[in-house]
Every structure is written in structure tokens, then in C-alpha cells.
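Secondary and tertiary structure notes
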Amino acid sequence: MKLIFAQGNPGLEYYYTRHNVGFLCLDAFAEERGATYSSKPKFLAVVAETSINGEKVILAKPTTFYNESGRSARALMDFYKLDPATDILVLHDELALPFGTLRIRDRGSDAGNNGIKSLNAHLGENYHRLRIGIASEQRSQIADVDFVLARLSQDEMLLLTKTIQPQVNQIIQDFILGQHVITSHSLL
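As a starting point, this report considers the structure included with it.

Here is what the cut-offs are and how they apply
- Residue positions are given per chain, counting from 1 as you read along its sequence in written order.
- Side-chain atom pairs in this predicted model are given and counted only at pLDDT of 80 or more, local residue features only at pLDDT of at least 70, and totals for whole chains, interfaces and linings cover all residues.
- Just so you know, side-chain values use all the structure's heavy atoms and leave hydrogens and water out.
- By definition, any uninterrupted DSSP run of H or I lasting at least four residues is a helix, any uninterrupted run of E lasting at least two residues is a strand, and each is numbered from the N terminus.
- The globule rule is 2.2 Å times the number of residues to the power 0.38, and the radius of gyration it is compared with is taken over C-alpha atoms.
- Only protein chains enter the accessibility calculation, which uses a 1.4 Å probe. A residue is then buried if its area is under 20% of the maximum for its type, exposed if over 50%, and partly exposed in between.
- Each reported salt bridge corresponds to a side-chain nitrogen of Lys or Arg within 4 Å of a carboxyl oxygen of Asp or Glu.
- Only buried residues count toward a nonpolar core, which is a set of Ala, Val, Leu, Ile, Met, Phe, Trp, Tyr and Cys residues joined through side-chain atoms within 4.5 Å.
- Contacts are assigned to residue pairs with any non-hydrogen atoms lying within 4.5 Å of each other.
- Pairing between two strands requires that DSSP report at least two bridges joining them.
- Take the number of residues in a helix, subtract one, and multiply by 1.5 Å to get its expected span.

1. Digging into the overall build of the protein
For the protein, the count of helices and strands is six helices and eight strands. Written out in order from the N terminus, the α and β elements of the protein read β-α-β-β-β-α-α-β-β-α-β-α-α-β. The globule rule puts the C-alpha radius of gyration for 188 residues at 16 Å, and the 15 Å found for the protein is close to it. Each of the three principal axes of the protein carries a C-alpha extent, and together these read 45 × 30 × 30 Å. The buried share of the protein, taken over its 188 residues, is 51%.

Structure, rendered in C-alpha cells:
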């Protein structure tokens, strides 16, 4: 069993923001698989299920805010008896990477990301993460918190749907199947 866990903020007002790139990518994967979310309060998340080659896959988006997402991931991990080092892939935005850059890590510190800090506090540092770059020229013009909570531009949404999401879908599938996963890829 695998858990694909996306970081983001709940609510329509946050849905198309840079901080919700993880949610947007997981939703594209769920749609491709025909998986439908349902509310699971005991996990502090909305959850969908699918399978790939007989492997059960849980797709989860926490209903906590971004900086508290570790509580949700821990509840899912405990209930399904998952090993974070082999069974969990987290999708999250990465302010330190240019928009369109994808990087896979299998462990690490939070590097100032409060959502990852929450996950590390609840899961430890040994779990896979797909870092989805969101930085652009606009980042230097506004504060980080305003930048990550700003809506994606039309150009960013186009790149996300046409280029980034298909690549993320492939990375998720490769992770689930235990295939070699790329460690870094720039889509620009």
C-alpha cells in the first residue's frame, strides 16, 4: 500500500494559489485514475483510493492548514501501518526552485518550509517528497507569504496543466510501482 499525500490549504479561496500546487497535482492524478475523494474526519483529510497493478493507493489532501499537515499524515500512517521510508510520497510546492522544476528527495530537513516541518515532526525525516518549484521573477517583488498565497497566473496554470501535471502523474506512478524515479527535472 502507498500513500500519496499532498500539501495545501483547504478552501476555495486557496485552491489556485502557489501553495496549493501539491493539491492541484494530486487532483489531476486522481482525475486521471477516476478516483473520487470523500471526507475522512478521523484522518483530518479528504481521501480517495485507487490501485495500480494490484497495489492499493491512498490519495490524501489534509483538511488542516498547510503548516499543520503532519497531524493528518500521521493519522493515515498509523491507521494503514505504513512505513514512511517506503510507502509515503508527499507532493509540495518549493519556493527555492524555479517554476516548473521537479525534484525528488527521499529524506531531509524542512529547509524553512513549515508544512515540511510539521510532517518531519510527525513522521520523521525519512519519507519521499516531490518538490514542485513555484519561484518566478515576481517572488523578489513581494513577501514570501504573499507570494505563496497568491493565485497562479494564467501562464503558470497553463504550464501546470499541460506540462507539470503529466510529469507528476508519471513520477507518482513510478513511485507506486517501485521503479527508478528521477531526482531532478526542469520543465522549462
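Let us keep going from here.
2. Thoughts on the pattern of salt bridges
The tally for this structure, following the rule as stated, stands at eight salt bridges. As a salt-bridge pair, E68 and R71 come within 4.0 Å of each other at their nearest N and O atoms. By relative accessible area, E68 is classed as partly exposed at 38%. Close ionic contact of D144 with R139 constitutes a salt bridge, the shortest N to O distance being 3.3 Å. Relative accessible area serves as the criterion here: at 29%, R139 is assigned to the partly exposed category.

3. Details of the nonpolar core
With 34 residues, the main nonpolar core has I4, L59, L91, L130, I132, I164 and V168 as its most contacted residues. Sort the elements by how many residues they give to this core and helix α6 (residues 154–177) lands first, with eight residues. Dropping the residues within four chain positions of it, V168 is found in contact with C25, L91, L102, L130 and I132. By size, the runner-up hydrophobic cluster in this structure holds 18 residues, among which are L3, F43, Y80 and L119.

4. Some words on the pairing of strand β7 (residues 128–135)
Counting buried positions along β7 gives eight out of eight residues, so the element sits mostly inside the fold. Going residue by residue along β7, you find H128, L130, I132 and I134 tucked away on one face and R129, R131, G133 and A135 tucked away on the opposite face as well. Pairing geometry for strand β5 (residues 88–98) and β7, over seven bridges, is parallel. In the sheet register, P98 faces β7, and the bridge partner there is A135. Both strand β6 (residues 101–105) and β7 contribute to a ladder of four bridges, which runs antiparallel. Within β7, the residue paired with R105 across the bridge is R129.

5. Considerations on unusual backbone geometry
Leaving glycine out, the prevailing phi sign among residues is negative, and the prevailing peptide bond configuration is trans. In this structure, L44 is a non-glycine residue whose phi angle is positive, near 55 degrees. Relative to the elements of secondary structure, L44 occurs in the loop between β2 (38–40) and β3 (45–52). Here K81, not a glycine, exhibits a phi torsion of approximately 55 degrees, which is positive. Note on placement: K81 falls in the loop between α2 (69–80) and α3 (84–87). Look at K81 and you get exposed, because its relative accessible area is 73%.

6. What about helix α1 (residues 21–33)?
Across its 13 residues, α1 extends 19 Å between first and last C-alpha, which sits within 8% of the 18 Å expected from 1.5 Å per residue. For α1, the tally of buried residues reaches 10 of 13 residues, placing the bulk of the element in the interior. Of the residues making up α1, those classed as buried are V21, G22, F23, L24, C25, L26, D27, A28, F29 and A30. Among the structural elements, β1 (2–6), β3, β4 (55–62), β5, β7 and α6 are those in contact with the buried residues of α1. Directly beyond the C-terminal end of α1, a positive phi value near 70 degrees is found at G34.

Honestly, that's just the spatial picture; any functional story needs more than this.
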